[in-house]
Amino acid sequence: MPIKDQPTPPRSRLISNIFLALGAGLLIANFILPLVLGSQIPGVPYSLFIHQVEEGDVARVQVGQNQIQFQLKTSGDQVGQVFSTTPIFDLGLPKLLEEKGVEFAAAPPPKNGWLTSLLGWVIPPLIFVGIWQFFARRGGGGAQGMLSIGKSKAKVYVEGESAKTTFTDVAGVEEAKAELVEIVDFLKTPGRYTQIGARIPKGVLLVGPPGTGKTLLAKAVAGEAGVPFFSISGSEFVEMFVGVGSSRVRDLFEQAKKQAPCIVFIDELDAIGKSRSTSGFYGGNDEREQTLNQLLSEMDGFAVEDATVIVLAATNRPEILDPALLRPGRFDRQVLVDRPALSGREAILKIHAQKVKLGEDVDLRAIATRTPGFAGADLANLVNEAALLAARNGRQAVAQTDFAEAIERVVAGLEKKSRVLNEKEKKIVAYHEVGHALVGQLMPGSGRIEKISIVSRGMAALGYTLQLPTEDRFLMDEAELRGQIATLLGGRSAEEIVFNSITTGASNDLQRATDLAEQMVTTFGMSKILGPVAYQQGTRPMFLNDGMPNARRSMSEETAQAIDREVKEIVEAAHQQALETIKHNRDLMETITMQLLETEAIEGEKLHQLLSQVQAMPVI
Ligand code: ADP
Ligand code: MG
Ligand code: ZN
């Protein structure tokens, strides 16, 4: 991406260099001068000083905190010499001096005291600034020194250089693309819109899960629009110095207005746009609030005639944004950038596959079918993983089997052959996974079982059952959800039946099963007793799918108990169903488990053939 940092004005660099030189000079002065000046008086040990006092050789003494200076008595025509010594903690000294009739006094405050203390105040900050500058330069912070701290760090995407990102680099998010194409079109030919009185939105917010191409889309807009494009990340706004965040915003918009028509892109808007009311966790973050307020007022401040500054922003956490940001006149248009569907995934794979050598047998459509739920970034990663595998296997081009293995890797984490299960553990894991597979085969809504494996992968999974949906699903009915819960409990149920005991391996299954059941009751309104009431606080967009439960609405003790009872009932019913199914197919389970223990993994046709023998429970 052709990105140019704005050059720091040479003048500010000159000034900061002068500061540095000055700092170094003062540093030398502070340490060297006292040495030079102090070296004129010869030093002697304290014991010698005491000895001379006792001998009566000392005329006068000046007692300082760090140094005692003393002058010997004048003998003949020779003026008494002056010596110095380092004092030790000696409370008897004044008494001794008095006894010997020595004239003594405390040292007058040092003459250059003001200089020393000035240096003490000036030098540490200078050192600090020096270090700061050093890091600012090295860190590629765009040579932004102390003196330009309030200046916006926005990068300007310069047009007409190599490797431009365009809309052809983005696929699978057609609606979002269409929306942004319209905006680019407006910037190129505003007349077409303004002549019929259309007003283009001031702020467009790209919303969607991570890795779906929000940043990529913004770069494509930059590449296509042919107008200046200012880009800054929300987290860059939030700085450690109060007031800097908001001055950045002001500065950014000042520059933008000068360059209109242009686009301002704020990535990761949630870093500044966090709801002001919910930030109580930090005890109210003043700095972020100021930055946000500045942003709001800048967005309101555009007069109609400079409406050709379009603010583009991206976030994957729209629910925490301050509502004020979403009001008309600000980010009034929100564009959902969601995970791609089947044809979209195929198109994205095509884009990224151009960068690698593909073998004859590669079927991108088939790969797309096997990767529902993958975002664009996952697919890009998948292609790269497949290419790495092909290279490792010494192939000239990427083959379909490389993709198959890459999918497993991305899904289940890297294969960890190093973790060796003992025979008993292996047996438990095998029965557990076969239990999942048997129940999953019968239940609606849980997709096709593609592979069972007891080769451990990644950190958490000891074995796994790979279930891939046969199609994209956006809605699930109650029976399907119950089926999923039963499938999740299939592993534990198998352990119960075969070993009459339960291991710790099933805890993740239980967690997921319980979460699903709770969602059925509290979010989807699927409970007959509790009715179609949402008991969750607020709405969490479904696509987030991050497993974070919502806080429950405040409710009576009885309702809470009723929910707990319902959840338990759903899980228990699914558990019974799983147990029955496995008992009913006990012989088949033995057959499959024995095979699995032998080969460590069963997949494809062989697996389908085995699982097709699963018998449904007779309906009573
Ligand atoms: P986001 O900003 O939404 O988290 P990014 O735009 O940073 O995601 O995507 C990361 C990378 O994933 C991109 O650079 C690109 O290589 C790939 N990618 C993501 N979405 C798409 C898409 N829709 N089409 C093509 N490539 C994509
Ligand atoms: Mg991003
Ligand atoms: Zn399991």
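Residues numbered from 1 in each chain as written. Chains lettered and ligands numbered in written order. Predicted model: local features only at pLDDT ≥ 70, side-chain atom pairs only at ≥ 80, totals over all residues. Heavy atoms only, no water.

Moving on, we come to the pattern of salt bridges. Oppositely charged side chains may form a pair once their charged atoms are brought near each other. The tally for this structure, following the rule as stated, stands at 12 salt bridges. A salt bridge links Arg192 to Asp185; the shortest N-O distance between them is 2.7 Å. One network of salt bridges, with partners in common, ties together Glu179, Glu182 and Arg333. (Salt bridge = Lys/Arg side-chain N within 4 Å of Asp/Glu carboxyl O.)

Ligation of the zinc ion (ligand 3) by protein atoms is provided by His432 (NE2), His436 (NE2) and Asp509 (OD), these donors lying 2.0 to 2.1 Å from the ion. We note that the donor set of the zinc ion (ligand 3) lies within a single chain, spaced as H-x3-H-x72-D. Taken together, the positions of His432 and His436, both in helix 16 (residues 423-442) and four residues apart, correspond to about one turn of that helix. Classification of His432 as buried rests on a relative accessible area of 5%. (Donors = N, O, S within 2.8 Å, 3.2 Å for Na, K, Ca; no water. Helix = DSSP H or I, 4+ residues; strand = E, 2+ residues; numbered from the N terminus. Buried < 20%, exposed > 50% of the residue type's maximum accessible area, 1.4 Å probe, protein only.)

For the rest of this paragraph, the subject is helix 2 (residues 46-55). Every buried residue of helix 2 is listed here: Tyr46, Phe49, Ile50, Gln52 and Val53. Relative to the axis of helix 2, the buried residues are bounded by an arc of 160° and lie together on one face. Relative to its buried face, helix 2 has exposed residues pointing more than 90 degrees away, namely Ser47 and Glu55. Looking at the buried side of helix 2, the elements it contacts are strand 2 (58-63), strand 3 (68-72), strand 4 (82-85) and helix 3 (93-99). Phi turns positive, to about 80°, at Gly56, one or two residues after helix 2. (Arc of directions from axis to C-beta. Contact = heavy atoms within 4.5 Å.)

It is worth spelling out the nonpolar core at this point. Ranked by internal contacts, the top residues of the largest apolar core, which has 43 residues, are Leu438, Ile485, Met589, Ile592, Leu596 and Leu611. Mapped by element, the contributors of at least two residues to this core are helix 16, strand 12 (448-453), helix 17 (478-499), helix 18 (507-522), helix 19 (557-584), helix 20 (586-599) and helix 21 (604-611). In terms of residue count, the dominant contributor to this core is helix 19 (nine residues). In this view, Leu596 contacts Ala430, Val434, Ile452, Ser453, Ile454, Ala601 and Ile602; residues no more than four positions away in its chain are not counted. In terms of nonpolar packing, the next biggest core, distinct from the first, is built from 28 residues, Val173, Leu206, Val227 and Val337 among them. (Core = buried A, V, L, I, M, F, W, Y, C linked by side-chain atoms within 4.5 Å.)

On to the sheet that holds strand 5 (residues 103-106), then. What the four strands build is an open sheet, ordered 4-3-2-5; its pairing is mixed. Of all the strands in the sheet, the pair left with one neighbour each is strand 4 and strand 5. Adjacent strand axes in the sheet meet at a mean angle of 20° when their direction is disregarded. With five bridges connecting them, strand 2 and strand 3 associate as antiparallel partners. Pairing of Val58 across the sheet is with Leu72, part of strand 3. On top of the sheet, helix 2 reaches strand 2, strand 3 and strand 4; it is set at about 40° to strand 3, its chief contact. (Pairing = 2+ DSSP bridges. Axes fitted to C-alpha atoms, helices over the stretch in contact; angles between N-to-C directions.)

Near ligand 1, the surroundings consist of 15 residues, among which Ala171, Gly211, Lys214, Thr215 and Leu216 are the closest. In the model, an oxygen atom of ligand 1 is placed 3.0 Å from a nitrogen or oxygen of the Gly213 main chain. In the model, an oxygen atom of ligand 1 is placed 2.9 Å from a nitrogen or oxygen of the Leu216 main chain. Notes on ligand 1: free accessible area 560 Å², of which the protein chains cover 78%. Every element with two or more residues in the shell around ligand 1 is listed here: helix 7 (214-225), helix 12 (342-353) and helix 14 (376-392). Residue contributions to the shell around ligand 1 peak at three residues, all from helix 7. Tallied by class, residues from the shell around ligand 1 come to seven nonpolar, six polar and two charged. In terms of domain composition, the shell around ligand 1 takes at least three residues from each of domain 3 (155-336) and domain 4 (342-412). (Near = heavy atom within 4 Å. Polar contact = N/O pair within 3.5 Å; in protein donor to acceptor, adjacent residues only side chain to side chain. Areas by Shrake-Rupley, 256 points an atom, 1.4 Å probe, with all protein chains shown as cover. Nonpolar A, V, L, I, M, F, W, Y, C, P; charged D, E, K, R; others polar. Domains from an automatic or database assignment.)

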